[in-house]
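So the chains spell out like this:
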Amino acid sequence: MSKFQNSKILTSKEPEIVDAITFIPIGIQENLKDVKISDITISSKDDFIRKVIEERMKVKKSDRKDKHQIQLILKIIANATSYGIYIEEASQLLHKEEDVDVYSRSVTNIV
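Residues numbered from 1 in each chain as written. Predicted model: local features only at pLDDT ≥ 70, side-chain atom pairs only at ≥ 80, totals over all residues. Heavy atoms only, no water.

Caption draft 1: Just the overall build of the protein, in detail. Secondary structure assignment for the protein yields 3 helices and 2 strands. In the protein, the order of α-helices and β-strands from amino to carboxyl end is α-β-β-α-α. Of the contacts made within the protein by residues no fewer than 6 positions apart, 59% connect residues no fewer than 24 positions apart. Accessible area of the protein: about 9900 Å², with a carbon and sulfur share of 53%. (Helix = DSSP H or I, 4+ residues; strand = E, 2+ residues; numbered from the N terminus. Contact = heavy atoms within 4.5 Å. Areas by Shrake-Rupley, 256 points an atom, 1.4 Å probe, with all protein chains shown as cover.)

Structure follows, in structure tokens:
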């Protein structure tokens, strides 16, 4: 549940949004590495979450002996990485606006 939902439930008031920022991804971060999960390799060029979910569906339909374990691992990874945005924020107080690099696998505006 989001902080906004919690605030509404706990106080019966809608929170006031004082400031908001938008992250616009430009380019792809260099030096990304492929990810190997069991015998499944996800390329750094792939949409990570989509590929994890696709691989999980393949595993669920397979007859491999470890399918329950592997599909559960993929489910946990998908859930853990798909909520929110991938961002590392190193906050600094700036005295003026500055351009920054924002990396993402998609070109969707993130608000």
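Still more to cover.
Caption draft 2: Highlighting a negative patch on the surface. Taken together, the side chains of Glu97, Glu98, Asp99 and Asp101 present a region of like negative charge at the surface. Along the chain, the position of Glu97 falls in the segment after helix 3 (67–82). Under the relative-accessibility criterion, Glu97 is labelled exposed at 80%. (Patch = residues over 30% accessible without salt bridge, like charges linked within 9 Å, V, L, I, M, F, W, Y side chains within 5 Å. Salt bridge = Lys/Arg side-chain N within 4 Å of Asp/Glu carboxyl O. Lys, Arg positive; Asp, Glu negative; His and termini not counted. Charge placed at Lys NZ, Arg CZ, Asp CG, Glu CD. Buried < 20%, exposed > 50% of the residue type's maximum accessible area, 1.4 Å probe, protein only.)

Caption draft 3: Structural view of the nonpolar core. Ile37, Ile40, Ile42, Val52, Val59, Ile70, Leu74 and Ala78 form the largest nonpolar core, which has 8 residues in total. Of all the elements in the fold, those that place two or more residues in this core are strand 2 (40–42), helix 2 (48–61) and helix 3. (Core = buried A, V, L, I, M, F, W, Y, C linked by side-chain atoms within 4.5 Å.)

Caption draft 4: Molecular detail of the layout of surface pockets. The computed volume of the second largest pocket comes to approximately 310 Å³. Forming the boundary of the second largest pocket are Lys3, Phe4, Ile17 and Asp19. Along the lines of polarity and charge, the residues of the lining of the second largest pocket split into 2 nonpolar, no polar and 2 charged. (1 Å grid on protein atoms, 1.4 Å probe; cavity = no way out; pocket = protein on both sides within 12 Å on 5 of 7 lines; lining within 4 Å. Points joined across faces, edges and corners; volume = space filled by probe spheres on them. Nonpolar A, V, L, I, M, F, W, Y, C, P; charged D, E, K, R; others polar.)

Caption draft 5: View of the pattern of salt bridges. Scanning all chains against the criterion turns up 5 salt bridges. Two residues, Asp39 and Arg64, come together in a salt bridge whose shortest N-O distance is 3.1 Å. With Asp39 in the loop between strand 1 (35–37) and strand 2 and Arg64 in the loop between helix 2 and helix 3, this residue pair connects regions lying 25 residues apart in the sequence. Under the relative-accessibility criterion, Asp39 is labelled exposed at 51%. A salt bridge links Asp47 to Arg50; its shortest N-O distance comes to 3.5 Å. Here Asp47 falls in the partly exposed class, since its relative accessible area comes to 36%.

Caption draft 6: View of the side chain of Arg56. Position of Arg56 relative to the elements: it lies in helix 2. For the buried Arg56, no salt bridge is present, and the opposite-charge side chain at shortest range is Glu55, 11 Å distant. Among all residues touching Arg56, those that are not within four sequence positions of it are Gln71, Leu74 and Lys75.

Caption draft 7: Looking closely at the environment of Pro25. Within the element layout of this structure, Pro25 appears in the loop between helix 1 (3–11) and strand 1. For Pro25, a relative accessible area of 10% translates into the label buried. Counting along the chain gives 76 residues from Pro25 to Asp101, while the straight-line C-alpha distance between them is 7.6 Å.

Caption draft 8: Expanded view of unusual backbone geometry. Phi at Asn31 takes a positive value of approximately 65°, unusual for a residue other than glycine. You can call Asn31 exposed: its relative accessible area is 73%. The backbone of Ser38 sits at a positive phi, close to 55°, despite the residue not being glycine. Secondary-structure assignment places Ser38 in the loop between strand 1 and strand 2.

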